[in-house]
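Take a look at the letters that make up each chain.
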Amino acid sequence: MESTTAVAGTVEFRVTGYAHPDAQALSAEVQQEYVRRYGDPDDTVLHADDFESPGGLFLIAYLDDRPVACGGWRAKRAGFDGVRDGDAELKRMFVVPAARGRGLARAVLRRLEQTAAESGRTRVILETGTEQPEAVALYGSEGYGAIQKFGIYRDHPQSICLGKDLPASA
């Protein structure tokens, strides 16, 4: 666990796993966000064990002990769609509306990248969409660039796939 002081409270980052009740509640919220923006939830199949060490990780940011942001990564294997051995796929990056604008998404992203690199992952990949311009801007500002589309939405016109090489972990 790591804590930092925010403008209006203390933020604590906890590795919880995807099965944790707070992770499931935040995941349900992000699914509703997808429904508002795209008309449907994300149909990507996720399993709690996808986010267990050493092949993954899921964390939650708590603001004054309230879950307000989350994200995880899961190890991927090479596939026909440009996915490479050593890739870590980001999933369920989300900040509740009341906690936005505090840098939490960037902080979660950086912790996920760090833990992925420490676990031997060599690149982070993700899928977002045209209706999430704030996410696209965040990833772009953190060095992510367009990659070959992958996943179940690779043929959808609103799908955007991004990737970033990770530094070798010392």
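All values reported here derive from a predicted model rather than from experimental measurement. (Residues numbered from 1 in each chain as written. Predicted model: local features only at pLDDT ≥ 70, side-chain atom pairs only at ≥ 80, totals over all residues. Heavy atoms only, no water.)

## Describing the nonpolar core
Threshold: Nonpolar cores are built from buried Ala, Val, Leu, Ile, Met, Phe, Trp, Tyr and Cys residues. Side-chain atoms within 4.5 Å join them into one set. Only protein chains enter the area calculation, which uses a 1.4 Å probe; residues under 20% of their type maximum are buried, those over 50% are exposed, and those in between are partly exposed. Contact between two residues is taken to exist if any of their heavy atoms lie within 4.5 Å; hydrogens are not considered.
Leu90, Leu104, Val108, Leu112, Tyr139 and Tyr144 are the most contacted members of the largest nonpolar core, which totals 42 residues. Contacts of Val108, omitting those with residues within four sequence positions, involve Phe13, Leu59, Ala61, Ala69, Cys70, Gly71 and Met93.

## So, the pairing of strand 3 (residues 56–63)
Selection criterion: Comment: elements are numbered from the N terminus, with helices defined as DSSP H or I runs of at least four residues and strands as E runs of at least two. Two strands form a pair only when DSSP identifies at least two bridges running between them.
Extensive coverage of strand 3 is indicated by the burial of eight of its eight residues. Residues of strand 3 alternate between two faces, with Gly56, Phe58, Ile60 and Tyr62 on one and Leu57, Leu59, Ala61 and Leu63 on the opposite face, all of them buried. Bridging between strand 2 (residues 9–15) and strand 3 involves five bridges; their strand directions are antiparallel. Residue Val15 lies in a different strand from strand 3, and its bridge partner there is Leu59. Between strand 3 and strand 4 (residues 66–75), which pair antiparallel one after the other, the connecting turn spans two residues, and Asp64 there sits at a positive phi close to 50°.

## Side note on the state of the cysteines
How we decide: Two cysteine sulfur atoms make up a disulfide if the distance between them is within 2.5 Å.
The final tally for this structure, using the stated rule, is zero disulfides. The structure places no disulfide on Cys70, whose sulfur is separated from the nearest cysteine sulfur, that of Cys161, by 19 Å. Cys70 sits in the buried class, given a relative accessible area of 1%. When its relative accessible area of 3% is taken as the criterion, Cys161 is described as buried.

## Digging into unusual backbone geometry
Glycine aside, residues mostly have negative phi, and peptide bonds are mostly found in the trans state. In this chain, Ser53 is followed by Pro54 through a cis amide linkage whose omega measures 10°. Locating Pro54 in the fold gives a position in the loop between helix 1 (21–38) and strand 3. A positive phi angle is found at Asp65, which is not glycine, with a value near 70°. Asp65 sits in the exposed class, given a relative accessible area of 56%. One non-glycine residue, Arg92, adopts positive backbone phi at about 60°. Turning to its location among the elements, Arg92 is positioned in strand 5 (residues 87–95). With a relative accessible area of 4%, Arg92 lands in the buried category.

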